[in-house]
Amino acid sequence: MILHPAILALLIGALLTCFMMLYAGWYGVRILRNWDLQSGSELQLELERRTYLISTLVSYSLTFELISLFLLIYTADRLHILITGAMCAAGTLNANAFGYPLLLLKIVNFLLAGVWLIVNHADNRGHDYPLIRVKYAGLIAIAPLSLYELYYLYAYFSELHADVITSCCGSLFSLERPGISGDLASLPSAPMMIVFYVVMAATLLSGVYCYRTGRGGYLFSALSCAAFVVGIASIVSFISLYIYELPSHHCPFDILQKEYGYIGYPIYALLFGAAVAGMGVGVLTPFRTRGSMVQVIPVFTRRLITITLILYLLFTLIVSYKIVISSFRLGGY
Amino acid sequence: MNRRIERYRNILDFALSSLLRRKGKNLSLLGMYTVIVFFIASLVFFIQALKREAALVLDGAPDLVVQRLVAGRDDPIPVAYGYKISAIRGVSEVKPRFWGYYYDPVTRANFTLVASGDDPPGRESIYLGSGVARLMHLNAGNYLSLRGAKGASQVFSVQKILASNSELVAADLIQIREDDFRTLFDFPAGRATDLAVSVRNKVEVPTVAAKIAHEFPDTRPILKSEMLRTYASVFDWRGGMVIVLLFVAVLSFVILAWDKATGLSAEERKEIGILKSIGWETGDVLILKSFEGMVISLTAYLAGVCLAYLHVFFFSAPFFEQALKGWSVLYPQFKLAPFVDPYLLCVLFFLTVCPYTVSTIVPSWLAATVDPDTAMRS
């Protein structure tokens, strides 16, 4: 294991997040088993009080999750000099079998925690705790994932070894090992570009329709999930090419670097924000008629749709602007 | 929107005034917290600065160094190897290097003797690194006697003192002519300490190294990237070890913070009781408590980071110098170049603010959910 301060920071962060999520999950189980709004028992009062604690814990976890997602990528990027053949985070994450699953797990956890907070927010607006069971059942599902994430984080970093000079041999040692490929498989850029704009346009249209009629929430949510996946695939496939102005450089991590004006941060923040809000619409839709949610969910969903659309629109605008102003042209690709 | 901002502003106002009301308790917490941030931040800044210095120094290093090993130990390499290596495609230059260490029993210091460089000193003359000159009170024009391998002393005149801006590299350096070097150490003819190889295309360096290793199995080629990597790992490892040790301090601080936050005084409980009875909700009290925590956290974080910056870049980190730089009689005196990386600030935030924040969540919640009547009655 490399004892880099950032690795320690990530491990501590993951440990804390995991601890908070498991604690919240444990009370989730108790709430699911004993919740009875009609009862005025001491246990019920205690559980009602606990809900405050749990939403605070989950919102802190989400914040940690968000910061640590970027910290992980940045750290992986910094560590590339320690690993033979790695050029940036893509290579470092590829250094062992845990790297990419860890990144994926972190993204999934972030999205799930975000959706949970949306449900929590809606539930807090209602006076009769209408979503309490859904919410805590969800929490019980998410909590083990954070444990899994901690395990992957530990496994990834403990398997990561710096290729340093040993007393017996220099580069011979490094050369015995196969180089780590920093290349990522990417989809062909021209068709991907069409798919990207079509999906973004479809999301926009379905969002406008859903906003005006209050119908088609599932379709909108599914489209915004698709837009998220297509967005990431497009970054790898063609957006990165325009940013780096290189026909062969598909790295989704280098855009976070100073050399490219940290453009990756707004791009990813918009994409992740839009995905969370868009998924939230789909999750809330089945409960729009439940109890006091009749008044809450339609208004809240509209707001979420607006947020999703604005974020995706900004994302598309930034990306298109980059493509238009770039002196790079994808002629033969 | 304005109303919401106004609400948060008012709660923040209240949080500040309530922190000020309990000055003693909060200042002691703040002090402890600042000290912890200060130590960890100093450490992180210091390691980063040393890594940068090492990278800057190694910037001028050759792409590839070829050493010869005999029974696993370094041995002078035949200069003839160099001719064969320069015939490998892609190699632009091979330079034999002559260098070694000289232990001076009077000052108990080790000097590095180097006999390469474009501008060698005259016969029986030397250039001195500023550290050596300082240690031995020598100036240009003075004489220095070195004891040779055969026992006889050789006297050298000091031709020049090397500029102090290269102190990190040149503090313990004595530059000497190649023939003087050979005589002094009785160095075998036709051999060099190692070979510095330059490669035209940097991407080809590993291939050239592989060819050398294949053609001369008794040598070990060392790439510049490997040197950089090793330095970075060593510094990271040292820093990481110290952070692990310091984390015990963070843990004890977290326990203290937990204790302070849980042990609400009767007055505080009453205050919360009154707030709730006049219409504050549990959520508001939670926000109030988290604002209090944030004010303490951010103040300590900022103060700690600023103090660490001064400590490392203006006072050369007296607290960590011995542990992290290594030690030697003849140590270069150098000031680290001030440099703060936003990434490191984020790492520091995770290492210090997160544990504290988590430790205050449960106590804040306990305070916020207290029943107004019980609170006021107590």
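Not measured: the values here are computed from a predicted model.

Conventions and cut-offs
- Residues numbered from 1 in each chain as written.
- Chains lettered and ligands numbered in written order.
- Predicted model: local features only at pLDDT ≥ 70, side-chain atom pairs only at ≥ 80, totals over all residues.
- Helix = DSSP H or I, 4+ residues; strand = E, 2+ residues; numbered from the N terminus.
- Rg over C-alpha atoms; globule rule 2.2 N^0.38 Å.
- Buried ≥ 20, exposed ≤ 12 C-beta atoms within 10 Å, placed from the backbone.
- Contact = placed C-beta atoms within 7 Å.
- Domains from an automatic or database assignment.
- Nonpolar A, V, L, I, M, F, W, Y, C, P; charged D, E, K, R; others polar.
- Pairing = 2+ DSSP bridges.
- Axes fitted to C-alpha atoms, helices over the stretch in contact; angles between N-to-C directions.
- Arc of directions from axis to C-beta.
- Parallel < 35°, antiparallel > 145°, perpendicular 65-115°, else oblique.
- pLDDT = per-residue confidence, 0-100.
- Left-handed = near helix turned anticlockwise from the far one by under 90°.

Our focus in this paragraph is the overall build of chain B. A count of helical and extended segments in chain B gives 13 helices and 13 strands. In summary, chain B has a C-alpha radius of gyration of 31 Å against a globular reference of 21 Å for 378 residues, an excess of more than 25%. If one aligns the C-alpha atoms of chain B with their principal axes, the spans along those axes are about 95 × 50 × 40 Å. Within chain B, the fraction of its 378 residues that count as buried is 37%.

Check the secondary structure of chain A and you find 10 helices and 0 strands. Ordered by position from N to C terminus, the α and β elements of chain A give α-α-α-α-α-α-α-α-α-α. Across its three principal directions, the C-alpha atoms of chain A cover 75 × 50 × 25 Å. For chain A, buried positions account for 44% of its 333 residues. A separation of at least 24 residues holds for 76% of the contacts in chain A among residues at least 6 apart in sequence.

Residues and elements named next belong to chain A. The assigned domain composition of chain A is domain 1 (5-176) and domain 2 (189-325). Placing a centre on the C-alpha atoms of domain 1 and another on those of domain 2 gives a separation of 23 Å. Taken together, the contact pairs 20 residues of domain 1 with 20 residues of domain 2. Taken together, the elements giving at least two residues each to the side of domain 1 that touches domain 2 come down to helix H2 (42-78), helix H3 (89-93) and helix H4 (99-125). Residue contributions to the side of domain 1 that touches domain 2 peak at 8 residues, all from H4. Grouping the constituent residues of the side of domain 1 that touches domain 2 by class yields 14 nonpolar, 3 polar and 3 charged.

The next subject is the sheet that holds strand E6 (residues 109-114) of chain B. Residues and elements named next belong to chain B. The mixed open sheet is built from 6 strands, whose spatial order is E5-E6-E10-E7-E9-E8. The open sheet has two edge strands, strand E5 (99-104) and strand E8 (143-147), and neither has a second partner. Strand after strand, the sheet turns through a mean of 35° between neighbouring axes, direction not considered. Note that E8 and strand E9 (residues 153-161) share 5 bridges and pair antiparallel. Counterpart to Arg147 in the pairing with E9 is Ser153.

A few words now on helix H7 (residues 205-215) of chain B. All of the buried residues along H7(B) are B:Val205, B:Pro206, B:Val208, B:Ala209, B:Ile212 and B:Ala213. For H7(B), the angular spread of the buried residues around the axis is 160°, confining them to a single face.

Residues and elements named next belong to chain B. Residues other than glycine seldom take positive phi values, yet Ala71 does so here, at roughly 50°. Structurally, the position occupied by Ala71 is in the loop between strand E1 (64-70) and strand E2 (73-75). Unlike most non-glycine residues, Asp186 shows phi in positive territory, near 55°. Along the chain, Asp186 falls in the loop between helix H6 (178-185) and strand E11 (191-192). Exposure remark for Asp186: the 9 C-beta atoms within 10 Å place this residue in the exposed category.

We now examine the packing of H2(A) against helix H12 (residues 342-368) of chain B. For the pair H2(A) and H12(B), interaxial distance at closest approach is 11 Å and the crossing angle is 175°. In terms of their interaxial angle, H2(A) and H12(B) are classed as roughly antiparallel. Here A:Tyr52, A:Leu53, A:Thr56, A:Leu57, A:Tyr60, A:Phe64, A:Ile67, A:Leu71 and A:Tyr74 of H2(A) lie close against H12(B), whose contacting residues are B:Tyr343, B:Cys346, B:Phe350, B:Cys354, B:Thr357, B:Val358, B:Ile361, B:Val362, B:Trp365 and B:Ala368. Looking at the contact of H2(A) with H12(B) residue by residue, the classes come out as 17 nonpolar, 2 polar and no charged.

Listed per partner, the contact involves 39 residues of chain B and 34 residues of chain A. Of all the secondary structure elements, the ones that give two or more residues to the side of chain B that touches chain A are H7, strand E13 (219-223), helix H8 (224-262), helix H10 (282-313) and H12 of chain B. When residues of the side of chain B that touches chain A are assigned to their parent elements, the largest contribution, 13 residues, is made by H12(B).

Turning to the pairing of strand E7 (residues 125-128) of chain B, a few remarks are in order. Successive side chains on a regular strand alternate, one facing one side of the sheet and the next facing the other. Residues and elements named next belong to chain B. Bridge count between E7 and E9: 4 bridges; the pairing is parallel. Pairing of Ile126 across the sheet is with Val158, part of E9. Pairing of E7 with strand E10 (residues 173-175), which is carried by 2 bridges, proceeds in the antiparallel orientation. Bridge pairing in E10 places Leu128 opposite Ile174.

Let us look at the confidence of the model for chain B. Residues and elements named next belong to chain B. Here chain B averages 85 in pLDDT, and 94% of its residues register 70 or above. Mean pLDDT values over the elements of chain B span from 66, in helix H11 (residues 321-325), up to 93, in strand E3 (residues 77-78). Scored as a complex, the prediction yields pTM 0.81 and ipTM 0.78.

Looking now at the domain arrangement of chain B. Many analyses report the size of an interface as the accessible area lost when the parts associate. Per the domain assignment, the segments of chain B are domain 1 (2-58 + 230-377) and domain 2 (64-223). One C-alpha centre belongs to domain 1 of chain B, the other to domain 2 of chain B; they are set 48 Å apart.

Attention now moves to the environment of A:Ser240. Residue and element names in this part refer to chain A. Structurally, Ser240 can be placed in helix H8 (residues 217-244). The exposure class assigned to Ser240 is buried, which follows from the 24 C-beta atoms found within 10 Å. Spatially, the C-alpha atoms of Ser240 and Asp254 are 8.6 Å apart, while their sequence positions differ by 14 residues. The contact partners of Ser240, leaving out residues within four places of it in the chain, are Ile235, His249, His250, Cys251, Pro252 and Ile255.

Residue and element names in this part refer to chain B. Relative to strand E12 (residues 194-199), E1 runs antiparallel, the two being bridged by 3 bridges. Along E12, the bridge assignment pairs Leu64 with Val197. Sheet topology places strand E4 (residues 91-97) next to E12; 6 bridges connect them, and they run antiparallel. Within the sheet, the bridge partner assigned to Val91 lies in E12 and is Val199.

On to the packing of helix H7 (residues 189-213) of chain A against helix H10 (residues 293-325) of chain A, then. All names here are of chain A. In the contact formed by H7 and H10, the axes pass within 10 Å of each other and the chain directions differ by 155°. As the angle between them shows, H7 and H10 are arranged roughly antiparallel. Handedness of the crossing formed by H7 with H10: left-handed. Between H7, through Met200, Thr203, Leu204, Gly207, Cys210 and Tyr211, and H10, the contact on the second element is made entirely by Arg302, Ile305, Thr308, Leu309, Tyr312 and Thr316. Taken together, the residues that form the contact of H7 with H10 break down as 7 nonpolar, 4 polar and 1 charged.

Considering every residue of chain A, the mean pLDDT works out to 84; 91% of them sit at 70 or more. For residues 167-182 of chain A, every residue scores under 50 in pLDDT, and the model assigns this stretch 39 contacts once sequence neighbours within four places are set aside.

Here the focus is the environment of A:Leu103. Residues and elements named next belong to chain A. With respect to the helices, strands and loops of the structure, Leu103 is situated in helix H4. Separated by 50 residues in the primary sequence, Leu103 and Leu153 place their C-alpha atoms 9.1 Å from one another. Not counting residues up to four positions away in its chain, the partners in contact with Leu103 are Leu72 and Leu93.

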